[in-house]
Amino acid sequence: MPAFNAASYIEEAIDSVLAQDYPHKELIVIDDGSSDDTVARVQAYGDRVRLLTQANQGSAVARNQGLDAAQGEYIAFLDSDDVWLPGKLTAQVGYLEAHPDVGMIYSDWLPWKRDKQSKAFPPPEALAPATPDTGVPPEEIPLLTEGSGWLYNRLLFGSLLHTITVMARRELIEQVGRFDPELKRGQDYDYWLRASRHTEIHQLDRVFALYRLHGSGCITQWPDINYEKLVVEKALARWGLEGPTGERSDRKAVERRLAGTCFDFGYHHYWSGNPRRASRSFLEALRHHPRHLGSWRYAGMSLAMGLFKGR
C-alpha cells in the first residue's frame, strides 16, 4: 500500500485489510515522503502493519519497495484511500490455489462517491453489494469472460484491471519484474500488459473493492505527458500486434485506439486552457486516424485559441 499524505483516509484502507478473514496476511505500507501525519497513523497499528518509508519518489518506486519486502506467496495491491470488501483475499487465494495455471486474478469494483447531502463518504458496508451466495467455494465463483483469458490483445485497447483488485503469484511477479518508475502514470497498465505475456489473467464476477472519488486523485488531474499512449506504444514496440497465443490485433483498430488516447489527452488540455499542448495532441491523433472529424475540429479550435492567447 503506497501512501502519500493519506492521513484522511488511510485508516479505513488499513482496517479493510486487517478485517479480511484470510488468516495469513502481511500488510506493508510504504510512506512516500508524506508531510502530514500519515506515518503516525500507521504506527498506531503497531506490529499489525509493517511500515516502510522513502523520500517522495512516486507510487511505482513505493510499490517496488513493497514487492522487495513482501514475504508471501501471493501479492495483492491496495491504495491508501480505497478499501477492500469482505472475503476478497479468501476468494482470490482460493481461486489461484484451484487454478495453478493462472498467475493473476482480479475482480470487479465500485466507485465510492461522497453523499450529495452530507458531503461525507458512506460507510463501505452501505455500498457492499448483496452476496447471497457467499458460501460458494472460491473455485466456483463465476468469471467475467470478457475480462478473462490471455488478455494482451484486449489490453492494447484499455487497462481492464484495477490495481486495487489485483492478486498475483510471487513467481509471476518475479518473471514480470518491477513497476517502471519512469512512468508517473500508467505504471500499473504497463505491468498488466507485461504480465499478460506470461499468463492467463482471470476476473472474478464479484465486487471486492471500493475506489474512492474525492476530487484530488490522479483521475481528476491530467499530466503533461500522454502516458496511456506511451504505455501502448511501448508494448507494440516490444511485442507488436500478436499475442502469446497467436491472436493478432487489427492494425487499423490499434491506430484508432492510439488516436483516441491523443484526442482525450488533447480534449482535457484544451478545456484546461492549454491550447498549444492540446493542438499538438489533436494533430497527433490525426496522424493515427486522419478521418476523425472531432480531431480536425478541435485541432482548429485549439490553434485558433493559441493564436488569440498569443496576441
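See the structure shown above.
All of these numbers come straight from a predicted model, not from anything done at the bench.

As a further point, take the nonpolar core. By size, the foremost hydrophobic cluster in this structure holds 37 residues, and its most contacted members are Phe-77, Met-104, Leu-161, Trp-192 and Leu-193. For this core, the elements supplying multiple residues, two or more each, are strand E2 (28-32), helix H3 (59-69), strand E6 (102-112), helix H6 (152-155), helix H7 (170-176), helix H8 (187-195), helix H9 (227-239) and helix H10 (251-271). Looking at this core, the element that brings in the most residues is H8, giving 5 residues. When residues no more than four places from it in sequence are discounted, the contact partners of Met-104 are Leu-96, Leu-161, Val-166, Met-167, Ala-168, Leu-172, Trp-192, Ala-195, Thr-199, Glu-200, Ile-201 and His-202. Of all hydrophobic cores here, the second largest spans 29 residues; its members include Ala-3, Ala-13, Val-42 and Met-167.

Our next topic: the sheet that holds strand E3 (residues 50-54). Taken together, the 3 strands give an open sheet; going across it, the order is E1-E2-E3, and neighbouring strands pair in parallel fashion. Every interior strand has two partners, whereas the edge strands, strand E1 (2-3) and E3, have only one. Sheet analysis places E2 next to E3, joined by 5 bridges and oriented parallel. Counterpart to Asp-32 in the pairing with E3 is Gln-54.

With that settled, the discussion passes to unusual backbone geometry. A positive phi angle, close to 45°, is found at Asn-5, a residue other than glycine. Within the secondary structure, Asn-5 is located in the loop between E1 and helix H1 (10-18). Of the residues examined, Asn-5 reaches a relative accessible area of 32% and is grouped as partly exposed. Even without being glycine, Lys-119 reaches a positive phi, approximately 65°. Topologically, Lys-119 is positioned in the loop between E6 and helix H5 (124-127). With relative accessibility at 54%, the residue Lys-119 sits in the exposed group.

Glancing now at the environment of Arg-251. Structurally, Arg-251 can be placed in helix H10. With 10 residues separating them along the chain, Arg-251 and Leu-241 place their C-alpha atoms 7.3 Å apart.

The tally for this structure, following the rule as stated, stands at 14 salt bridges. One salt bridge connects Glu-284 with Lys-229, and the closest N-O pair in it is separated by 2.6 Å. Of the two residues, Glu-284 is situated in helix H11 (residues 275-288) and Lys-229 in helix H9; the sequence distance between them amounts to 55 residues. Take Glu-284: its relative accessible area is 25%, and that puts it in the partly exposed class. One salt bridge connects Glu-242 with Arg-248, and the closest N-O pair in it is separated by 4.0 Å. A relative accessible area of 38% places Glu-242 in the partly exposed class. According to the relative accessible area criterion, Arg-248 is exposed, its value standing at 54%. One salt-bridge network, in which partners are shared between bridges, spans Asp-180, Asp-190, Arg-194 and Lys-234.

Parameters at a glance
Throughout this description, residue numbers start from 1 for each chain and increase along the sequence as written. Thresholds applied to this predicted model are a pLDDT of at least 70 for local features of residues and 80 or more for the giving and counting of side-chain atom pairs; totals over whole chains, interfaces and linings are not thresholded and use all residues. Calculation of side-chain values draws on the structure's entire complement of heavy atoms; hydrogens and water are dropped beforehand. Each nonpolar core is a collection of buried residues, namely Ala, Val, Leu, Ile, Met, Phe, Trp, Tyr and Cys, held together in the definition by side-chain atoms within 4.5 Å. Summary of the burial criterion: residues with accessible area below 20% of their type's maximum are buried, those above 50% are exposed, and those between are partly exposed, where the area comes from a 1.4 Å probe applied to protein chains only. We count a stretch as a helix when DSSP gives it H or I for four or more residues in a row; a strand needs E for two or more, and each element gets its number in order from the N terminus. The criterion used for residue contact is that any of the two residues' heavy atoms lie within 4.5 Å. When DSSP finds at least two bridges between two strands, those strands are taken to pair. Should a side-chain nitrogen of Lys or Arg be within 4 Å of a carboxyl oxygen of Asp or Glu, the pair is scored as a salt bridge.

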